[in-house]
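Letter by letter, the chains look like this.
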Amino acid sequence: MMSEYVVDLFEFARTGRVAEGDVRLTALPRMLTEVPAEVAEAARAEQVFHWRVEGAERKVPRADGKESIEQFITLAVTGPMWLECQRCMKPYQEPLVSETTFEIVHDEAAAENRPLDEDELEALVGSKQFDLLSLIEEELLLALPIVPKHTVCPAVHDSLATGSDGLTESVPEPEEDKPSPFAALAALKRSPDKDGK
Ligand SMILES: [Zn+2]
């Protein structure tokens, strides 16, 4: 069905091919399940991720002192993703950015037998009919934040604005908003500046 995404991954890498394009969120069923229910169909339909795959072949030194020629691909994916903020429970768009280089191996056994010192590169089992789309979706799923959160929640903004009459910046955060350890740390770091004013 999505034949444009199916490639001979060994050939792709060996010849140093580059492919890129945009994929719609609606073409990625596992990503769609992460979208909050409140996000409208039209907004989902507009959502697009950009991807780029670059193949490469290089000589790699092996543990026994010899070199072998191995194939690699680097996959980059970027784009905004609808998620539910875990602080205010409202949907927002999180910019996802991911770039991963994989060493292409022929089977699962080869992936598991790789020496430990090469573990910085992920092994990817190649195939002559490799589905780039499912790899793109996996990389996007891995790029999702563990705890999605607005940088600044709009709800916090609103309560500050209504409670302050233009003195927004000097109003302390609402006490019911339980700060994270990081926020508490940031507040500690900020306090000397406030004393200095
Ligand atoms: Zn929020």
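Residues numbered from 1 in each chain as written. Predicted model: local features only at pLDDT ≥ 70, side-chain atom pairs only at ≥ 80, totals over all residues. Heavy atoms only, no water.

What to know about the overall build of the chain
Here's step 1: Check the secondary structure of the chain and you find 7 helices and 7 strands.
Here's step 2: Of the regular secondary structure in the chain, the N- to C-terminal order runs β-α-β-α-α-β-β-β-α-β-β-α-α-α.
Here's step 3: Classification of the 197 residues of the chain by burial places 32% in the buried group.
Here's step 4: Taken as a whole, the chain presents about 12,800 Å² of accessible surface, with 54% of it coming from carbon and sulfur. (Helix = DSSP H or I, 4+ residues; strand = E, 2+ residues; numbered from the N terminus. Buried < 20%, exposed > 50% of the residue type's maximum accessible area, 1.4 Å probe, protein only. Areas by Shrake-Rupley, 256 points an atom, 1.4 Å probe, with all protein chains shown as cover.)

Digging into the pairing of strand E2 (residues 18–24)
Here's step 1: Burial of E2 is one-sided: the residues Ala19, Gly21 and Val23 facing one way are buried, the residues Val18, Glu20, Asp22 and Arg24 facing the other way are not.
Here's step 2: One ladder, built from 7 bridges, connects E2 with strand E3 (residues 48–61); its direction is antiparallel. From the neighbouring strand, Val18 faces E3, where its bridge partner is Glu54. (Pairing = 2+ DSSP bridges.)

Focus: the coordination of the zinc ion
Here's step 1: Distances from the zinc ion to its protein donors, Cys85 (SG), Cys88 (SG), His150 (ND1) and Cys153 (SG), fall within 2.0 to 2.3 Å.
Here's step 2: Each of the 4 donor atoms around the zinc ion contributes to a set of angles spanning 102 to 119 degrees, which defines the coordination as tetrahedral.
Here's step 3: Summarised as a motif, the one-chain spacing of the donors to the zinc ion is C-x2-C-x61-H-x2-C. Placement of the pair is Cys85 in the loop between strand E4 (67–84) and strand E5 (91–105) and Cys153 in the loop between helix H5 (132–143) and helix H6 (154–164), with a sequence separation of 68 residues.
Here's step 4: For Cys153, a relative accessible area of 2% corresponds to the buried category. (Donors = N, O, S within 2.8 Å, 3.2 Å for Na, K, Ca; no water. Tetrahedral: all angles 85-135°; square planar, octahedral: opposite > 155°, others 65-115°.)

A look at the sheet that holds E2
Here's step 1: If you trace the 5 strands from one edge of the open sheet to the other, you get E2-E3-E4-E5-E6, paired in mixed fashion. Two strands lie at the open edges of the sheet, namely E2 and strand E6 (122–125), each paired on one side alone. With strand direction ignored, the average angle separating the axes of adjacent strands in the sheet is 35 degrees.
Here's step 2: The sheet contact formed by E5 and E6 spans 4 bridges and is parallel. If you follow Phe102 over to E6, its bridge partner there is Glu122.
Here's step 3: Sitting on the sheet, H5 is in contact with E2, E3, E4, E5 and E6, with an inclination near 125 degrees to E5. (Axes fitted to C-alpha atoms, helices over the stretch in contact; angles between N-to-C directions. Contact = heavy atoms within 4.5 Å.)

A word on the pairing of E4
Each regular strand shows side chains that alternate between the opposite faces of the sheet.
Here's step 1: By the bridge criterion, 12 bridges tie E3 to E4 in an arrangement that is antiparallel. Paired with Val60 across the strands is Ser68, a residue of E4.
Here's step 2: Adjacent in sequence and paired antiparallel, E3 and E4 are bridged by 5 residues, among which Gly65 carries a positive phi angle near 90 degrees.
Here's step 3: Note: E4 against E5, 14 bridges, orientation antiparallel. Within E5, the position partnered with Gln71 by the bridge is Ile104.
Here's step 4: The loop that links E4 with its antiparallel partner E5 comprises 6 residues; one of these, Met89, has a positive phi angle of about 60 degrees.

Let's talk about unusual backbone geometry
Here's step 1: At Met89, a position not held by glycine, the phi torsion is positive, near 60 degrees.
Here's step 2: Structurally, Met89 is set in the loop between E4 and E5.
Here's step 3: On the accessibility criterion, Met89 (42% relative accessible area) is partly exposed.

Comments concerning the packing of aromatic side chains
Here's step 1: Taken as a whole and judged by the stated rule, the model has 1 aromatic pair.
Here's step 2: Each ring, one from Tyr5 and one from Trp51, has its centre 5.6 Å from the other, and the planes form 50 degrees; the classification is tilted. Taken as a pair, Tyr5 in the segment before strand E1 (6–7) and Trp51 in strand E3 lie far apart in primary sequence, 46 residues in all. As far as burial versus exposure is concerned, Tyr5 and Trp51 are alike and both buried. (Phe/Tyr/Trp six-rings, centres within 6.5 Å; stacked < 30°, edge-to-face > 60°.)

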